[in-house]
Amino acid sequence: MTRDRARRLLLYRPAVVGTVLWVLGGLAGMPGCTGAYEAFLNNTASLGGSTPGQRGSLAVAFINRTPYRAVFTFGTYDPQDENSVPIFSQFYVDPIRTPDGFNRGLEGNESSGVISFLSGGRAFCGRMLSLGGEEMIRRIRSFNATRLNDGVAPDAAALKPGIAFSGKPIDDTTAPPDDFARRDAVDTLQGASYPCGALVIYTFEVDPQAPQGIRIDMEFIPEDQTVYPSNPQQ
């Protein structure tokens with residue numbers, strides 16, 4: 001799949017080859033809480049790469065089909081390794097900084113670009129892909145980690161558990177950042193829910209039957225159908 005076709009997927013979302021998961025709630029930070037079979041897959045699945053110690057690629061994209069701005073931290077790491085530092089970025093709001101693909105949040109009825117996880121300039125596929133997970137946030141703070149896309153310290157308002165959805169104007173400082181809802185965090189296990197090499201796509205939908213009124217769907221495109229950009233901001 002070419003990059004242009006992947007972008008068209010984010011806009012029109014035709015049928016996707018892969019696994020579709022309705023994420024009903026945040027999974028626990030450690031894979032043992034998701035069941036023995038999922039934990040086994042998570043612990044044993046290949047991390048890709050063609051040489052020992054090397055990792056395969058992992059990319060993520062987001063489709064916000066709600067009318068609300070989404071603000072959250074997302075990243076990947078290895079939960080079994082206490083020294084694993086999350087490779088992460090954020091959709092945040094800072095009116096002082098120049099708007100870009102991350103600053104101003106993920107606006108309602110918009111899609112992100114394809115974001116590739118890189119560590120030291122190399123592809124990085126972690127055993128956990130987290131949207132607002134408490135363990136990921138704890139590690140970011142503990143290791144003083146910096147954002148993937150611009151190398152700066154994380155935005156404090158976006159570095160909170162879960163995903164904030166807001167309908168307030170950008171310059172409104174009176175309303176809380178989650179004036180519509182704060183959705184539970186979503187932690188997705190590599191091996192059990194996505195393979196290394198995949199493009200993982202999360203879609204946000206308003207659904208009164210879902211937790212906090214927001215449904216989150218996850219699906220992935222396998223590596224052999226995906227071309228990844230080298231620039232993590234594209």
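Residues numbered from 1 in each chain as written. Predicted model: local features only at pLDDT ≥ 70, side-chain atom pairs only at ≥ 80, totals over all residues. Heavy atoms only, no water.

Trainee: Mind laying out the overall build of the protein chain, listing which residues take part and the relevant values?
Mentor: From N to C terminus, the protein chain includes three helices and 14 strands. Sorting the 234 residues of the protein chain into buried and exposed places 50% on the buried side. Long-range contacts, defined here as pairs at least 24 residues apart, represent 73% of the contacts in the protein chain between residues at least 6 apart. Total accessible area on the protein chain is roughly 10,500 Å²; 52% of this is exposed by carbon and sulfur atoms. (Helix = DSSP H or I, 4+ residues; strand = E, 2+ residues; numbered from the N terminus. Buried < 20%, exposed > 50% of the residue type's maximum accessible area, 1.4 Å probe, protein only. Contact = heavy atoms within 4.5 Å. Areas by Shrake-Rupley, 256 points an atom, 1.4 Å probe, with all protein chains shown as cover.)

Trainee: Go over the pattern of salt bridges, please, and point to the residues and values.
Mentor: Evaluation of the coordinates by the stated rule reveals ten salt bridges. In this structure, the salt-bridge partner of Arg65 is Glu205, at a minimum N-O distance of 3.6 Å. One end of the pair, Arg65, is in the loop between strand 2 (59-64) and strand 3 (69-77); the other, Glu205, is in strand 13 (residues 199-206), with 140 residues separating them in the sequence. We classify Glu205 as buried; its relative accessible area is 17%. Of the charged contacts, one joins Arg69 and Glu107 as a salt bridge, the two residues approaching to 3.4 Å between their closest N and O atoms. Here Glu107 lies in the loop between strand 4 (87-91) and strand 5 (110-111) and Arg69 lies in strand 3, a separation of 38 residues in the sequence. Connected through shared salt-bridge partners, Glu82, Glu135, Arg138 and Arg139 make up one network. (Salt bridge = Lys/Arg side-chain N within 4 Å of Asp/Glu carboxyl O.)

Trainee: Break down helix 3 (residues 134-142) for me, citing the residues and quoting the values.
Mentor: Burial in helix 3 covers these residues: Glu135, Met136, Ile137, Arg139 and Ile140. Each element contacted by the buried residues of helix 3 is listed here: strand 3, strand 4 and strand 9 (128-131). Backbone geometry just after helix 3 places Asn144 at a positive phi near 50°.

Trainee: Just give me the short version of the state of the cysteines, but keep the residues and values in it.
Mentor: Using the criterion set out here, one finds one disulfide in the structure. Through a disulfide, Cys125 is tied to Cys196; the S-S separation comes to 2.1 Å. Here the S-S torsion is close to -90°, and the disulfide linking Cys125 with Cys196 is therefore left-handed. Of the two residues, Cys125 sits in the loop between strand 8 (122-123) and strand 9 while Cys196 sits in the loop between strand 12 (186-189) and strand 13, which places them 71 residues apart along the sequence. Taken individually, Cys125 and Cys196 each receive the classification buried, so the pair is uniform in this respect. (Disulfide = S-S within 2.5 Å.)

Trainee: Kindly report on the pairing of strand 13, identifying the contributing residues and their values.
Mentor: Burial runs high along strand 13: seven of the eight residues are buried. Relative to strand 14 (residues 214-221), strand 13 runs antiparallel, the two being bridged by eight bridges. Within the sheet, the bridge partner assigned to Tyr202 lies in strand 14 and is Met218. (Pairing = 2+ DSSP bridges.)

Trainee: So what about unusual backbone geometry? Which residues, and what values?
Mentor: Notably, Arg104 is not glycine yet its phi reads approximately 95°, a positive angle. Within the secondary structure, Arg104 sits in the loop between strand 4 and strand 5. Look at Arg104 and you get buried, because its relative accessible area is 17%. Positive phi is not limited to glycine here, since Asn109 has a value of about 60°.

Trainee: Let's hear about the nonpolar core: which residues, and what values?
Mentor: One finds Phe62, Phe72, Phe74, Val200, Tyr202 and Phe204 to be the most contacted residues of the largest nonpolar core, which totals 34 residues. Of all the secondary-structure elements, those providing two or more residues to this core are strand 2, strand 3, strand 4, strand 9, strand 10 (163-166), strand 13 and strand 14. If we skip the residues at most four places from it in the chain, Phe62 touches Phe72, Phe74, Phe91, Leu106, Glu110, Ser111, Ser112, Ile115, Leu131, Tyr202 and Phe204. Of all hydrophobic cores here, the second largest spans nine residues; its members include Met128, Ile137, Leu159 and Leu189. (Core = buried A, V, L, I, M, F, W, Y, C linked by side-chain atoms within 4.5 Å.)

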